Amino acid sequence: MVPSLGSFSTFVLLLFTFSHLFTPSVADGYGILGAGKFLYKPICGHTCRRLIYNNLLLCDSKLPGDNATAHVHRRHLHGATNPPECFLKDAAFLRTMALCLAKACPLDNIPNSVIEEYWEGHLATGSVGDWSLQPIMSYQEALMYAQQDIEEVGESNVPYAIEGEPLNVTSFVRDEDLVQYHNAQTWFERLERDHGRNSIAVAVSGVFIPVLLSLFRFLPIRPLWYSRLVATLEKPFVGQRHRSPTVANLGIMPTRGQALYIAYLVLTQILLAVFPLVFLFPNSIAPTRRAHFIVLIGNRTGVLAMADFVALFLFSSRNNILLWITNWSHSTFLLLHRWIGYCLIFQVSIHSAIYLADYFPDHATESQQPYWIWGVVGTLAFVVLWPTSILPVRQKAYEFFLLSHQVLTALALIATFMHIYKLFTYNWGYEIWVYIGGAIWFLDRFLRVLRMVATGYRTAVVTSVDPDSEYLKIEIDGVVAHGHVYLYFPTLTWRVWENHPYSVLSTFTSATHSSKAAAIEGHGDPEKTRSSGSSSDLSNSTSVPGRPKVTIILRPMNGLTRVLATRLGQLKLLSIPVIVEGSYHANPAIRGLGSCSTLLCIGGGVGITPLIPIIRSFEGVKARLAWSVRTEWLLRSVDDEIKDLVQRGVKVNTRISGDANGRLNVGDIVREELLHSEDEGDLGVVVCGPTGMADEVRVVIAELGPKAKRGVVFVDEAFSWY
């Protein structure tokens, strides 16, 4: 097995992908705009070029009156765009450009060395430098020739360059034109810088806030105030349900703690999409406040949406490194993954809507451009992800949800990359966010394959726990696993990629011997053999470890498990090929149980499967198990495991739904341990069962925990990750 492979490799991935922020690409600098890359360096240079690059040029290296014996090359453009070579040799352009730079750059305190660098690499191409295209003269030479032209005709006779008009002599630029173009370049450079920095803030804070909030667990002694605070935050934000769906079965209510992160996430997405808000007039790019808002919010929402890729893909990964360095559960990260997805869809929709409205007068021609088409594809893919991922779809058609989710996500990533590439190629680093998201996605899949290869191709023996096949037992020889595993049954359906998580009940066979043979062989009354008084009855039991074998108990639902139950049918057992991917730990908070002196585990139905290994690994003073089941058959299926717990001194209470004793009152059980027990030290409470049971325990913990005289470590081992 490779228990730590996921954490180490994902950590390496993060270091590698974030280093892409500082890798070189075509434009000035490294990484992305706002973090090592420059849009206009210097602003005065790009301002001067922007003022005159649309003027028609003759592509003539000599002006009238220059040395007539020199070679002269003329080209008439007839309204066509100036080709790059014209900017490198046209005398009028070079000399006018030099005069503008000499006027504008000293106002920005730009040294001549920076001007020369710009001159050598940007005259032909503008924003994106290309140092292979060198002008025929240096900046100082062009300035010298321009000054000679001024001396020859007199300063008062030098014309002013007018945008769009032919430029065939050395000219000045008008002050009013220089101001509005310089303001525009300064403002747009500031905007792009803020886009990049805001996107980094979104990506980094989204990932590292869980790490910061988890640092409290490293306190040498768990303070009572911290335990009370955590208990308060465990309560559902509204109402009494967290695991049970709310709002017409459309969603899951977050806890107070989760709601705080979600509130931070939403507020950050909104505020950073708008602020810092900069206005600068006069402005040739955005002459009005409305135009300022359109450019700012239209561009920034697109950049922030891509920055959301980092947390979006990381939080949904099975090999999420944050599961190892925080105490947040996988179900919590999946909940936050959905909320980040909502924010991303919102940002993408705003970005697309703004530019659709802004370009609507030119929609007929603009919509034919490749960047526009890919942008539409990406927007639709992201938007369609929402209705295909709502809770009713996940519950009733989980396999469809998984497949559509993967296909639409891949399409959205590809479309986003192509949208950027068709607009900017690799110039400004926006594509780095796509690389990071795609790298996390692909590495997670790669690590899954490694985990499957580590266990190999196995045979699963499936048996029915009860006559109606309401519960199934799966045993896989030769595999050592803990926590939970994902099982693939490649011969069960044509959808060989389908898999589901299952909690591991045990990872070794055992032979249990008891002096109470009749109770074991006859599966006597479970309430008598596993009640609070059953410890003495089973105290003489011994357990002999056997060979490696993973044992899983499950209740067939819709989809793959129902197909498995149907295939078993009336057979006593079914041998079927299986691929095991694991082991995983869904809830790292279990590590916090190590500080507890007392452990209370509450289970319902097949929720017993993760509880038994947790109790076995507990090293505290006292442990108690309260388990409610629907049928006696399920009780019998874990006889050996329960007897082993009793031998260890665990107090075991079981109830069968509908019998004379009724259902477990989990609220009273928690109150008894938390308020009336004389035990010292923290109490660990673990619940795994139906959503109603988990919610009832959670509410009681949130109610009593802040008032209790002992600390509480609460772990909710979710039945499902819907």
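Refer to the preceding data block for the structure.
The paragraphs below set out a description of the structure included in this document.

Overview of the environment of valine 646
Now for step 1: Counting through the fold element by element, valine 646 comes out in helix H24 (residues 639-647).
Now for step 2: By relative accessible area, valine 646 is classed as buried at 4%.
Now for step 3: As a C-alpha pair, valine 646 and arginine 624 span 22 residues in sequence and 9.7 Å in three-dimensional space.

Re the nonpolar core
Now for step 1: Judged by nonpolar contacts, the single largest core of 67 residues is most densely connected at Phe309, Phe315, Leu322, Phe382 and Trp433.
Now for step 2: Of all hydrophobic cores here, the second largest spans 35 residues; its members include Cys48, Ile52, Leu99 and Cys100.

Focus on the state of the cysteines
Now for step 1: Applying the stated criterion across every chain, the model contains 3 disulfides.
Now for step 2: Two residues share a disulfide in this structure: cysteine 48 and cysteine 100, whose sulfurs sit 2.0 Å from each other. Between cysteine 48 and cysteine 100 the disulfide shows an S-S torsion of about -80°. By sign, it is left-handed. Of the two residues, cysteine 48 is situated in helix H2 (residues 43-52) and cysteine 100 in helix H4 (residues 91-104); the sequence distance between them amounts to 52 residues. For the residue pair cysteine 48 and cysteine 100, the accessibility class agrees, reading buried in each case.
Now for step 3: Two residues, cysteine 59 and cysteine 86, share a disulfide whose sulfurs are 1.2 Å apart. Of the two residues, cysteine 59 is situated in the loop between H2 and helix H3 (84-89) and cysteine 86 in helix H3; the sequence distance between them amounts to 27 residues.
Now for step 4: By relative accessible area, which is 1% here, cysteine 59 ends up buried.

Structural notes on the layout of surface pockets
Now for step 1: In this structure, the second largest pocket spans a volume of roughly 1500 Å³.
Now for step 2: Forming the boundary of the second largest pocket are 49 residues, of which Asn299, Tyr355, Tyr371, Leu423 and Phe424 lie nearest the centre.
Now for step 3: The class makeup of the residues in the lining of the second largest pocket is 30 nonpolar, 15 polar and 4 charged.

Quick word on the pairing of strand E5 (residues 484-488)
Now for step 1: Counted residue by residue, E5 has 5 buried out of 5 residues, so it is predominantly covered.
Now for step 2: In E5, alternate side chains face the same way, and those of His484, Tyr486 and Tyr488 on one face and Val485 and Leu487 on the other are all buried.
Now for step 3: Relative to strand E6 (residues 499-503), E5 runs antiparallel, the two sharing 5 bridges. By the bridge assignment, histidine 484 is partnered in E6 with serine 503.
Now for step 4: Sheet analysis places E5 next to strand E9 (residues 573-584), joined by 4 bridges and oriented antiparallel. Counterpart to tyrosine 486 in the pairing with E9 is glutamate 581.

Remarks on the environment of leucine 564
Now for step 1: One can find leucine 564 in helix H21 (residues 560-568).
Now for step 2: Excluding its chain neighbours within four sequence positions, the residues that come into contact with leucine 564 are Val462, Leu472, Ile474, Phe489, Leu492, Leu574 and Ile576.

Some points on a nonpolar patch on the surface
Now for step 1: On the surface, a nonpolar cluster with roughly 540 Å² of combined accessible area is contributed by Leu403, Val407, Trp494, Val496 and Trp497.
Now for step 2: Position of tryptophan 497 among the secondary structure elements: in the loop between E5 and E6.

Reading guide: rules and limits
- Residues numbered from 1 in each chain as written.
- Predicted model: local features only at pLDDT ≥ 70, side-chain atom pairs only at ≥ 80, totals over all residues.
- Heavy atoms only, no water.
- Helix = DSSP H or I, 4+ residues; strand = E, 2+ residues; numbered from the N terminus.
- Buried < 20%, exposed > 50% of the residue type's maximum accessible area, 1.4 Å probe, protein only.
- Core = buried A, V, L, I, M, F, W, Y, C linked by side-chain atoms within 4.5 Å.
- Disulfide = S-S within 2.5 Å.
- 1 Å grid on protein atoms, 1.4 Å probe; cavity = no way out; pocket = protein on both sides within 12 Å on 5 of 7 lines; lining within 4 Å.
- Points joined across faces, edges and corners; volume = space filled by probe spheres on them.
- Nonpolar A, V, L, I, M, F, W, Y, C, P; charged D, E, K, R; others polar.
- Pairing = 2+ DSSP bridges.
- Contact = heavy atoms within 4.5 Å.
- Patch = residues over 30% accessible without salt bridge, like charges linked within 9 Å, V, L, I, M, F, W, Y side chains within 5 Å.
- Areas by Shrake-Rupley, 256 points an atom, 1.4 Å probe, with all protein chains shown as cover.
- Salt bridge = Lys/Arg side-chain N within 4 Å of Asp/Glu carboxyl O.

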